[in-house]
Amino acid sequence: MLDDFMIRAALAGLGVALAAAPMGCFVVWRRMAYFGDATAHASILGVAIALALSVSVFLGAMVMALLMALAVTALSGRGYAVDTLLGVLAHSALAFGLVAVSFLSGVRIDLMAYLFGDILAVGATDLAVIWGGAALVLALLAWRWAALLTATLNPDLAHASGIDPRREQLVLTLALAVVVAVAIKVVGVLLIAALLIIPAAAARPFARTPEGMAVIAVIVAALSVLGGLQASLLHDTPTGPSIVCVAALIFAGSAFGSALRRA
Amino acid sequence: MSLIEVRDLSVGYGGHRVLNHVDMSIDRGEIVTIVGPNGSGKSTLLRALIGAVPVKEGRVSRAEGLRIGYVPQKLAIDPTLPMTVARFMSLPRRQPAADVAAALEQAGVPDLSDRQMTDLSGGQFQRVLLARALLSKPDLLLLDEATQGLDQPGSAAFYRQIEDVRARLGCAILMVSHELHVVMSASDRVICLNGHVCCQGTPEIVASAPEYRALFGSGTQGALALYRHDHNHSHDDGCDHGHDHGHSHAHAHDDAVMPVHQAARDKVH
């Protein structure tokens, strides 16, 4: 069954959706949308370095994403507004990454595959890495869930309950780096943030609790993956962007529906 | 043995020192109030007690296994985060539904558990915050201007609840308050803070301390006067019938008292 490329693509997409959607809820709650963007953009530099050193692209992307996230965390609150800082770092990392890739003259790499993803070319190893990464992220989030939620709600409330918000921030940063690394193959570095944020945003109007929002976001992300794959097969469109388009349409429907309900 | 003890504590943000060599401690079952002008480091001291601000010098020592209930000055819940009252009550530790219902009942907001936190009024929000802080059966309850945004009857009810809490749970309470008249009546001990501890002791001792008078100036007199006026005032309210009957004298009395009362209130707030 795993021989069929469509089945492999669907499984890869669902694995990423399962990890990205709950992670995306935290990105939305903590207003880290640009943070997710910067982390994802930085990973292209990691891809270039990994190719140059001929090590795993997943590993390179993950380490670079993690370094970027830690750099942003360390630098924020030191005189620059966070959005300025993220604007500088995200685009610099992307530019350096693209320049670094151009130096890899020996290797003919398909840059588009990393910028926009290449889910139809997912192999059995990729599938194992994606599901391994997704399981790690889900386990991390489940283990720290209550502490993460309390720290997200209010850092002082967390302190008073004996939770260190900085440690929880670190857990989230780590989880984010893993999500970015496993999502590159599926949607590419330019659209990872969309896969994090859009399902969570679409879930918000229909959720009453944080847990409910995470579950609805997973469903939205899974539908987007399956719908996007289907659409890309039917209309011969690029798969990664098609997935994000379907997610965006679901978001539009959700926003319209909640506006109607309130009216 | 104190629940929490602060020795020679200094805290600063950047180059600016907010707290200088502060010494204080809280014993089991005490009600202690911190008073002080704006920017005197009251909230910072409370946040240092829970470990939320880095300590520059000195130390904060907590009793082994100390459970702290914390009610912050304000809590902004991001509108992107859906949160029912019941779910909020179970953060970070899951609480039995019956306990949650009982705590909300006790706090005077029994029917809110399915409401979203962001839909609550200011008074309901404060009560839910207090109910949540009490659910963990704290040894020490920290209240940072917990009655902010409540009207007079609301804050009076809130303080009655605090006294009831101490009687019921036997926990110590440390609060920051601007409402000096309430402070004077409800506390075992008052700490007057202005970057450092100016003076501390029973409300009577602090109120007559020169350091306290220097900080609050004539406002102090106003506050104490207001406190007494409040007594007279409620007494007057009780005698509403007499007021209706013997009109001219009562009216003259009211007219004479009210503006002074009002002026004192303006000075205090």
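The structure reproduced in this document is the subject of the present report. For every chain, the first residue of the written sequence is number 1, and numbering continues from 1 onward in sequence order. Ligands are numbered from 1 and chains lettered from A, in the order in which they are written. For a predicted model such as this one, the threshold for reporting local features is a pLDDT of at least 70, and the threshold for listing and counting side-chain atom pairs is 80 or more; totals across whole chains, interfaces and linings nevertheless cover every residue. Values reported for side chains reflect all heavy atoms of the structure, with hydrogen atoms and water molecules removed beforehand.

A few words now on the pattern of salt bridges. When a carboxyl oxygen of Asp or Glu is within 4 Å of a side-chain nitrogen of Lys or Arg, the pair counts as a salt bridge. In total, this model carries 13 salt bridges over all chains according to the counting rule given. The salt bridge partner of D78 of chain B is R31 of chain A, with a shortest N-O separation of 2.6 Å. With one member in each of two chains, D78 of chain B in the loop between β5 (68–71) and α2 (85–89) and R31 of chain A in the loop between α1 (5–29) and α2 (33–52) form a pair that bridges those chains. Any residue under 20% of the maximum accessible area for its type is buried, any over 50% is exposed, and the rest in between are partly exposed; the area is computed with a 1.4 Å probe on protein chains only. Look at D78 of chain B and you get buried, because its relative accessible area is 17%. Numbering goes from the N terminus for both helices and strands, where a helix is a DSSP run of H or I of at least four residues and a strand is a run of E of at least two.

On to the interface of chain B and chain A. In this complex, chain B contributes 26 residues to the contact, which on the side of chain A involves 22 residues. Counting the surface lost from both chain B and chain A, the interface buries some 2200 Å², and carbon and sulfur atoms represent 57% of this. Accessible surface is computed with a 1.4 Å probe, and the buried area is the amount of it that two parts give up when combined, taken over both parts together. By the criterion of area lost to chain A, the three top residues of chain B are T80, L81 and P82 of chain B, representing 25% of everything that side buries. Across the contact surface, chain B and chain A share three salt bridges. Should any heavy atoms of two residues lie within 4.5 Å, those residues are counted as being in contact.

Attention now moves to the pairing of strand β8 (residues 189–193) of chain B. Residue and element names in this part refer to chain B. When you tally the buried positions in β8, you get five out of five residues, the bulk of the element. By the alternation rule, side chains of β8 split into R189, I191 and L193 and V190 and C192, which are all buried. Paired strands, in this sense, are two strands between which DSSP finds at least two bridges. Where strand β3 (residues 31–35) meets β8, four bridges bridge the pair, whose relative direction is parallel. Residue T33 lies in a different strand from β8, and its bridge partner there is V190. For β8 and strand β9 (residues 197–201), the ladder comprises four bridges, and the chain directions are antiparallel. Paired with L193 across the bridge in β9 is V197. Between the antiparallel neighbours β8 and β9 lie three residues, among them G195 with a positive phi of about 85°.

Okay, the environment of A214 of chain A next. Mapped onto the fold, A214 of chain A is located in helix α10 (residues 210–235). Those residues in contact with A214 of chain A that lie beyond four places of it in its chain are P22, C25 and W145 of chain A.

Take the sheet that holds β9 of chain B next. All names here are of chain B. Read across the sheet, six strands follow the order β5-β6-β7-β3-β8-β9 without closing on themselves; strand pairing throughout is mixed. Every other strand in the sheet has two partners, leaving β5 and β9 as the edge strands with one partner each. If you compare each strand with its neighbour and ignore which way they point, the axes differ by 15° on average. In this structure, β3 lies alongside strand β7 (residues 172–176), joined through four bridges in parallel fashion. Along β7, the bridge assignment pairs I31 with I173. Relative to the sheet, helix α1 (residues 42–49) contacts β3, β5, β6 (140–144), β7 and β8, its axis offset from that of β6 by approximately 150°. Axis lines are fitted to C-alpha atoms, over the contacting stretch for helices. Their N-to-C directions set the angle, which ranges from 0 to 180 degrees.

Turning to the packing of α1 of chain A against helix α6 (residues 124–153) of chain A, a few remarks are in order. Residue and element names in this part refer to chain A. In the contact formed by α1 and α6, the axes pass within 9 Å of each other and the chain directions differ by 20°. In terms of their interaxial angle, α1 and α6 are classed as roughly parallel. The hand of the α1/α6 crossing is left-handed. For the pair α1 and α6, contact is made by R8, L11, A12, L14, G15, V16, L18, A19, P22, M23, F26 and W29 and by A124, L127, I130, W131, A134, V137, L138, L141, W145, L148, L149 and T152, respectively. Of the residues that constitute the contact of α1 with α6, the class distribution is 21 nonpolar, two polar and one charged. Angle categories: roughly parallel below 35 degrees, roughly antiparallel above 145, roughly perpendicular from 65 to 115, and oblique for all the rest. The crossing is said to be left-handed when, going from far helix to near helix, the turn is anticlockwise and less than a right angle, and right-handed when the turn is clockwise. Here the nonpolar group is Ala, Val, Leu, Ile, Met, Phe, Trp, Tyr, Cys and Pro; Asp, Glu, Lys and Arg are the charged ones; every other residue, Gly included, is treated as polar.

Let us look at the sheet that holds strand β4 (residues 57–62) of chain B. Residues and elements named next belong to chain B. What the three strands build is an open sheet, ordered β2-β1-β4; its pairing is antiparallel. The sheet is open, and its two edges are formed by β2 (16–26) and β4, each paired on a single side. This sheet shows a mean twist of 25° between the axes of neighbouring strands, independent of strand direction. Bridge count for strand β1 (residues 4–13) against β2 is seven bridges, and the pairing is antiparallel. When the bridges of β2 are listed, V6 appears paired with M24. Against the sheet, α1 engages β1, β2 and β4, with an angle of about 120° to β1.

On to the side chain of S224 of chain A, then. Residue and element names in this part refer to chain A. Structurally, the position occupied by S224 is in helix α10. Residue class for S224 comes out buried when judged on its relative accessible area of 0%. Sequence-distant contacts of S224, defined by excluding residues within four places in its chain, comprise I243, V246, A247 and I250.

Residues and elements named next belong to chain B. Counting 153 residues, the largest nonpolar core has V128, L141 and L174 as the members making the most contacts within it. Once residues lying within four places of it in the same chain are set aside, the contact partners of L174 are M24, I26, V32, I34, L46, L49, L140, L141, L142 and L143. Formed by ten residues, the second largest nonpolar core is a distinct cluster that contains L180, V190, A209 and F216. Definition used in this section: a nonpolar core is a set of buried Ala, Val, Leu, Ile, Met, Phe, Trp, Tyr and Cys residues joined via side-chain atoms within 4.5 Å.

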